Amino acid sequence: MRRMHAAALVPPVLAILAAEAPAHHAFSPVYDEARVITVAGVVTEFRFVNPHALLIMDVTDGAGKVDQWTVEFAGRLNLSEFGWTADSLKPGETVTVTGNPTHTGSARMFFRRIVRADGTELLPGNAQRLDTIEEQRRRRAREREQQK
Amino acid sequence: MRRSAALLLVLLACLASSARAQSPAPGLEGMWSDPPTTPEGLFCFFACTDPGLARLNRLLDDPANDARPFQELQAEAKRHEREYLRDQLTPAARERYPLDPADDPGFLRCEPWGLARQIFAPHQLEIRQAAPDRLDLRYGEWDGRRTIYLDGRAPASPAPTAMGHSVGRWEGATLVIETAGIAANIIMLPDLQAMGAHSDGLRVVERYTRAADGGALHLTATLTDPRTFRTPQVVKKIWRWAPEQEIAPYDACEPPTEFKRGVKR
């Protein structure tokens with residue numbers, strides 16, 4: 001699977017468990033951070049705004065009924081740091097979104113990972129930061145071993 | 001005519017002298033943003049304490065923890081830090097700590113943060129010398145703005161405000177800001193999952209220092225509020241030099257359509 005950003009070696013589980021996204025409020029009152037769901041749909045709108053970016057998508061069920069889902073992000077401030085722009089997601093494209101569901105089970109989730117139709121993947125900034133930290137830790141452990 | 005020109009020259013010399021006196025080390029001006037990607041930077045993304053950092057470093061230095069993910073070690077050190085901070089609170093403040101994030105007015109009503117959260121906000125911090133006697137600080141989160149008076153002036157009104165009244169001075173290369181007159185509000189102790197309440201007696205002394213290599217800005221804030229803390233508390237934060245960044249509009253906050261109280265994390 002190809003990924004959009006250079007920090008591509010984050011294991012999927014680690015990406016999903018990414019630490020709290022920096023934002024203007026905690027997400028725990030709305031989203032169940034202990035669970036993840038995956039939903040596929042067609043993008044109708046991507047709002048690259050502060051304090052939270054929002055993706056709106058149409059999700060069609062097995063009977064052909066279309067529901068509108070909302071995917072909430074940590075915010076433009078946190079996304080732009082990792083190269084996201086207002087064009088990172090375009091209306092009409094098919095995406096598969098993994099995220100935390102709401103406590104009520106409504107048609108809404110908090111972004112953890114998006115896979116596009118061509119296999120490229122979008123990850124939260126924190127997942128990429130954690131990848132860098134783990135590489136630093138591996139290097140430090142190797143140096144520690146060499147000093148023995 | 002000649003007398004007017006002489007007066008003008010004297011006036012300009014005085015202004016230049018005043019500017020030099022007020023701003024001997026303007027090395028902090030410009031755009032700062034999220035901290036360097038290091039364990040310390042991530043741990044202090046909002047704010048951190050020395051006891052919390054010491055616990056994190058002990059965990060990282062122990063080879064027995066090499067296989068544990070950083071997130072797990074960070075969570076353990078943050079738990080220790082929250083317990084430490086809880087111990088520093090007065091009995092009355094401890095009863096309300098940590099606040100339920102579902103009661104945050106920033107979440108419920110899109111109410112911008114007060115000073116005790118804004119100074120620890122993630123993302124950009126822009127520092128500009130707006131005048132010889134004034135610094136403007138602007139934050140990416142909430143597009144929060146503050147004025148720091150370098151002439152020691154008293155507040156225009158004694159009534160507390162969300163950002164309080166800030167006076168600043170240079171101690172060598174360190175910018176020292178003292179703020180009082182802050183309206184009772186919420187404080188990061190040390191982040192959005194562990195917030196407390198402070199009184200309008202809170203006083204904050206911020207000390208900003210640029211790292212020797214110029215790449216990071218370090219804040220050490222001393223928080224004094226006898227109704228909240230048993231003793232003054234020292235909280236820290238780090239930013240990264242980010243001249244390429246701009247602060248984007250912050251104009252699409254919406255109150256939640258659904259939420260749940262009492263969620264434990």
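Note: the structure precedes this text.
Now for a look at the structure at hand. Note that the structure is a prediction, hence the values are computed from the model and not measured.

B:Phe120, B:Leu125, B:Leu137, B:Val204, B:Tyr208 and B:Leu217 are the most contacted members of the largest nonpolar core, which has 49 residues in total. Excluding residues that lie within four positions of it along the chain, B:Val204 makes contacts with B:Leu115, B:Ile119, B:Ile177, B:Glu178, B:Thr179, B:Ile182, B:Ala221, B:Thr222 and B:Leu223. Membership of the second largest hydrophobic core comes to 21 residues, among which are A:Leu55, A:Val59, A:Leu79 and A:Leu122.

Residues and elements named next belong to chain B. The strand order around the closed barrel built from 9 strands is β1-β2-β3-β4-β5-β6-β9-β10-β11, with neighbouring strands paired in mixed fashion. Each strand of the sheet is rotated relative to its neighbour by a mean of 30°, with strand direction disregarded. As paired strands, strand β1 (residues 30–33) and strand β2 (residues 125–131) are joined by 3 bridges and run antiparallel to one another. What sits directly across from Trp32, in β2, is Leu125.

Here we take up the pairing of strand β1 (residues 37–47) of chain A. All names here are of chain A. By the bridge criterion, 6 bridges tie β1 to strand β4 (residues 94–101) in an arrangement that is antiparallel. Looking at the pairing, Val39 lines up with Val97 of β4. Judged from the 5 bridges that link them, β1 and strand β2 (residues 54–60) form a sheet pairing that is antiparallel. Bridging across to β2, Val42 finds its partner in Asp58. Two successive antiparallel strands, β1 and β2, enclose a turn made up of 6 residues.

This paragraph deals with the packing of aromatic side chains. Residue and element names in this part refer to chain A. In this structure the tally under the stated criterion is 14 aromatic pairs over all chains. When the ring of Trp84 is compared with that of Phe111, the centres are 5.7 Å apart and the planes differ by 75°; the resulting orientation is edge-to-face. In this pair, Trp84 is assigned in the loop between α2 (76–80) and β4 and Phe111 in strand β5 (residues 108–116), connecting sequence segments 27 residues apart. Owing to a relative accessible area of 3%, Phe111 belongs among the buried residues under this scheme.

Considering all chains together, one arrives at 33 salt bridges over all chains under this definition. For the salt bridge of A:Glu121 with A:Arg113, the shortest nitrogen-to-oxygen distance reads 2.9 Å. No difference in accessibility class separates A:Glu121 from A:Arg113, as the two residues are buried. Residue A:Arg129 is joined to B:Asp34 by a salt bridge in which the shortest nitrogen-to-oxygen separation is 3.2 Å. Of the two residues, A:Arg129 is situated in helix α3 (residues 125–147) and B:Asp34 in the loop between β1 and α2 (39–43); the pairing between them involves two chains. Considered together, A:Arg129 and B:Asp34 belong to a single accessibility category, that of buried residues.

Bringing helix α4 (residues 70–88) of chain B into the picture now. All names here are of chain B. Under the 1.5 Å per step criterion, the end-to-end length of α4 is 27 Å for 19 residues, consistent within 8% with the ideal 27 Å. Within α4, burial applies to Phe70, Gln71, Leu73, Gln74, Ala77, Lys78, Glu81, Leu85 and Gln88. Looking down the long axis of α4, one finds its buried residues gathered within 150° of arc, a one-sided arrangement.

So, about the interface of chain B and chain A. Buried accessible area, meaning the area lost when the parts come together, often serves as the stated size of an interface. Taken together, the 46 residues of chain B in the interface contact 37 residues of chain A. Between chain B and chain A lies a buried interface of about 3,500 Å² when both sides are counted; carbon and sulfur atoms form 56% of it. Summed over the shared surface of chain B and chain A, the number is 3 salt bridges. Of the charged contacts, one joins B:Asp66 and A:Arg144 as a salt bridge, the two residues approaching to 2.3 Å between their closest N and O atoms. On inspection of chain B and its partner chain A, the count reaches 14 residue pairs in polar contact (both at pLDDT 80 or more). Listed by contribution, the elements that provide at least two residues to the side of chain B that touches chain A are α2, α3 (50–61), α4 and α6 (105–108) of chain B. Considering every element that reaches the side of chain B that touches chain A, the biggest residue donor is α4(B), with 4 residues. Residues belonging to the side of chain B that touches chain A are distributed by class as follows: 23 nonpolar, 12 polar and 11 charged.

Along the polypeptide, A:Gln136 turns up in helix α3. Within polar-contact distance, the side chain of A:Gln136 engages the backbone oxygen of B:Thr37 at 2.7 Å. When near neighbours in sequence (up to four residues on either side) are disregarded, A:Gln136 contacts B:Thr37, B:Thr38 and B:Pro39.

Here is what the cut-offs are and how they apply
- Residues numbered from 1 in each chain as written.
- Chains lettered and ligands numbered in written order.
- Predicted model: local features only at pLDDT ≥ 70, side-chain atom pairs only at ≥ 80, totals over all residues.
- Heavy atoms only, no water.
- Core = buried A, V, L, I, M, F, W, Y, C linked by side-chain atoms within 4.5 Å.
- Buried < 20%, exposed > 50% of the residue type's maximum accessible area, 1.4 Å probe, protein only.
- Contact = heavy atoms within 4.5 Å.
- Pairing = 2+ DSSP bridges.
- Helix = DSSP H or I, 4+ residues; strand = E, 2+ residues; numbered from the N terminus.
- Axes fitted to C-alpha atoms, helices over the stretch in contact; angles between N-to-C directions.
- Phe/Tyr/Trp six-rings, centres within 6.5 Å; stacked < 30°, edge-to-face > 60°.
- Salt bridge = Lys/Arg side-chain N within 4 Å of Asp/Glu carboxyl O.
- Expected span 1.5 Å × (residues − 1).
- Arc of directions from axis to C-beta.
- Buried area = accessible area lost by both parts, 1.4 Å probe.
- Polar contact = N/O pair within 3.5 Å; in protein donor to acceptor, adjacent residues only side chain to side chain.
- Nonpolar A, V, L, I, M, F, W, Y, C, P; charged D, E, K, R; others polar.

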